[in-house]
Amino acid sequence: MGRSFQMFESARAAFRAELARAHLAPTECILLPAYIGWSPREGSGVFDPIAALGLRFEFYPLDLKLRIDVPALERAIEREGARALLLIHYFGRVDESCDCIAALARDAGLLLIEDCAHAMLSDLVGGVCGRLGDAALYSLHKMLPEAGGVLVRNGVEDDGGGANRIWRHDLGAIARRRRQNALRLAELLGGLGGEVEPLWDDLPEGVVPQTWPVRLRYADRNAVYREMNAAGYGVVSLYHTMIAALPRSRFPEAHELSRTILNLPIHQDVDERGLAAIARMLEAVLTVCRV
Ligand SMILES: Cc1ncc(COP(=O)(O)O)c(C=O)c1O
């Protein structure tokens, strides 16, 4: 199967280009996962293209582990007007229902876009996503020391769109290192008991995480975030704030996750000592940030 790789300045620009190409009519809508964040500095990488094009949208629900509620999604597809579906492989992980969802999308004739902003290596190295539908998106800076975004179109021959610089990196080695780091960090965090709850209990073959997501249920996440970064450990919270279109009253799980999530670094430049230091610092910070 041919795939075309076209460079953009960002993943959101690639997403916007694919949406514009699809020409959704005013009556048609795109189905979005109900966990999309926003920040004053970055805006919303997922939602801004939808807003900029003035598209109709509806959300489908996810649980606290970001698993898709398939019956609810099926109902959303059956409701009139769905024309496109966005799947986000959060932090590199692929939902176990994705094949079934792709079949539902295919049967309904939907444009299926996989947001692989965090899952570029799960796609390119693991081969476990990115080929379910029509298109996929990468955000290079989230996985590599590179700027830009890529629009991948499946079933289309390579148009030489300038994505070649990605292949200069040893993607296999980077992917292996990220998986090793994730498994080791999970082991190191095991000692912290229920205070640090991993979002995932396992790491299926082929999945290459972007970060290691955990929930802090008994600590002030914002305080932990500040303390960890002040100490030089680059943690993030994807996402710390939901977009306004996802109100707490309708999407309490999304807000609960957003309030408690912390994404720990497992990138290829972190070594065993670095991981141990992250775990130690987190343990120390938690003792002063309990609520
Ligand atoms: C899931 C997801 N998709 C897309 C984007 C947009 O990526 P970029 O910053 O390259 O536009 C982001 C980040 O903002 C993201 O987290």
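Residues numbered from 1 in each chain as written. Predicted model: local features only at pLDDT ≥ 70, side-chain atom pairs only at ≥ 80, totals over all residues. Heavy atoms only, no water.

**Student:** Even after reading the chapter, I still don't get the sheet that holds strand E10 (residues 261-264), so can you show me in this structure?
**Tutor:** Strand-to-strand pairing in sheets goes through backbone hydrogen bonds, with the strands running parallel or antiparallel. The antiparallel open sheet is built from three strands, whose spatial order is E8-E9-E10. The open sheet has two edge strands with one neighbour each: strand E8 (196-198) and E10. Shown here is a sheet whose adjacent strand axes are inclined to one another by a mean of 40°, direction ignored. Direction of pairing for strand E9 (residues 212-216) relative to E10: antiparallel, over a ladder of four bridges. (Pairing = 2+ DSSP bridges. Helix = DSSP H or I, 4+ residues; strand = E, 2+ residues; numbered from the N terminus. Axes fitted to C-alpha atoms, helices over the stretch in contact; angles between N-to-C directions.)

**Student:** Teacher, can you tell me more about helix H3 (residues 70-78) here?
**Tutor:** Among the residues of H3, those classed as buried are Val-70, Ala-72, Leu-73, Ala-76 and Ile-77. Buried residues of H3 fall within an arc of 160° about the axis and therefore sit on the same side. Among the structural elements, strand E2 (29-33), strand E3 (56-60), strand E4 (82-88) and helix H4 (98-107) are those in contact with the buried residues of H3. For H3, the N-terminal cap is Asp-69; the gap from its side-chain oxygen to the backbone nitrogen of Ala-72 is 3.1 Å. (Buried < 20%, exposed > 50% of the residue type's maximum accessible area, 1.4 Å probe, protein only. Arc of directions from axis to C-beta. Contact = heavy atoms within 4.5 Å. Polar contact = N/O pair within 3.5 Å; in protein donor to acceptor, adjacent residues only side chain to side chain.)

**Student:** Would you mind going over unusual backbone geometry with me for this structure?
**Tutor:** Most of the time, phi is negative for any residue but glycine, and the peptide bond is trans. Cis geometry is found at the peptide bond from Leu-238 to Tyr-239, where omega equals 5°. The phi torsion at Leu-66 lies on the positive side, around 65°, for a residue other than glycine. Mapped onto the elements of the fold, Leu-66 is located in the loop between E3 and H3. Judged by relative accessible area, Leu-66 falls into the buried class, the value being 9%. Unlike most non-glycine residues, Phe-91 shows phi in positive territory, near 60°. Along the chain, Phe-91 falls in the loop between E4 and H4.

**Student:** Just to check I follow, could you spell out the packing of H3 against H4 for this structure?
**Tutor:** Following both chains from N to C, one finds H3 and H4 inclined at 10°, their axes separated by 11 Å at the closest point. Accordingly, the angle class assigned to the pair H3 and H4 is roughly parallel. Across from Val-70, Leu-73, Glu-74 and Ile-77 in H3, the residues of H4 making contact are Cys-100, Ile-101 and Leu-104. For the contact of H3 with H4, a count of residues per class yields six nonpolar, no polar and one charged. (Parallel < 35°, antiparallel > 145°, perpendicular 65-115°, else oblique. Nonpolar A, V, L, I, M, F, W, Y, C, P; charged D, E, K, R; others polar.)

**Student:** What am I meant to see in the side chain of Thr-260 here?
**Tutor:** Structurally, Thr-260 can be placed in helix H8 (residues 252-260). By relative accessible area, which is 1% here, Thr-260 ends up buried. From its side chain, Thr-260 meets the backbone oxygen of Glu-256 in a polar contact 2.8 Å long. Once residues within four sequence positions are removed from consideration, Thr-260 is found in contact with Val-214, Arg-215, Leu-216 and Arg-221.

**Student:** Sorry if this is basic, but what is going on with the layout of surface pockets here?
**Tutor:** Where empty space is left becomes clear once a probe the size of a water molecule has been rolled over the atoms. One number sums up the size of the largest pocket: a volume of about 1100 Å³. If you trace the largest pocket, you find 43 residues lining it, with Glu-42, His-141, Lys-142, Gln-210 and Leu-238 closest to the centre. Class assignment for the residues of the lining of the largest pocket results in 17 nonpolar, 18 polar and eight charged. Approximately 440 Å³ is the volume found for the second largest pocket. If you go around the second largest pocket, you meet 25 residues; those closest to its centre are Arg-67, Arg-93, Val-94, Asp-95 and Glu-96. When the residues that make up the lining of the second largest pocket are grouped by side-chain class, the tally is 16 nonpolar, one polar and eight charged. (1 Å grid on protein atoms, 1.4 Å probe; cavity = no way out; pocket = protein on both sides within 12 Å on 5 of 7 lines; lining within 4 Å. Points joined across faces, edges and corners; volume = space filled by probe spheres on them.)

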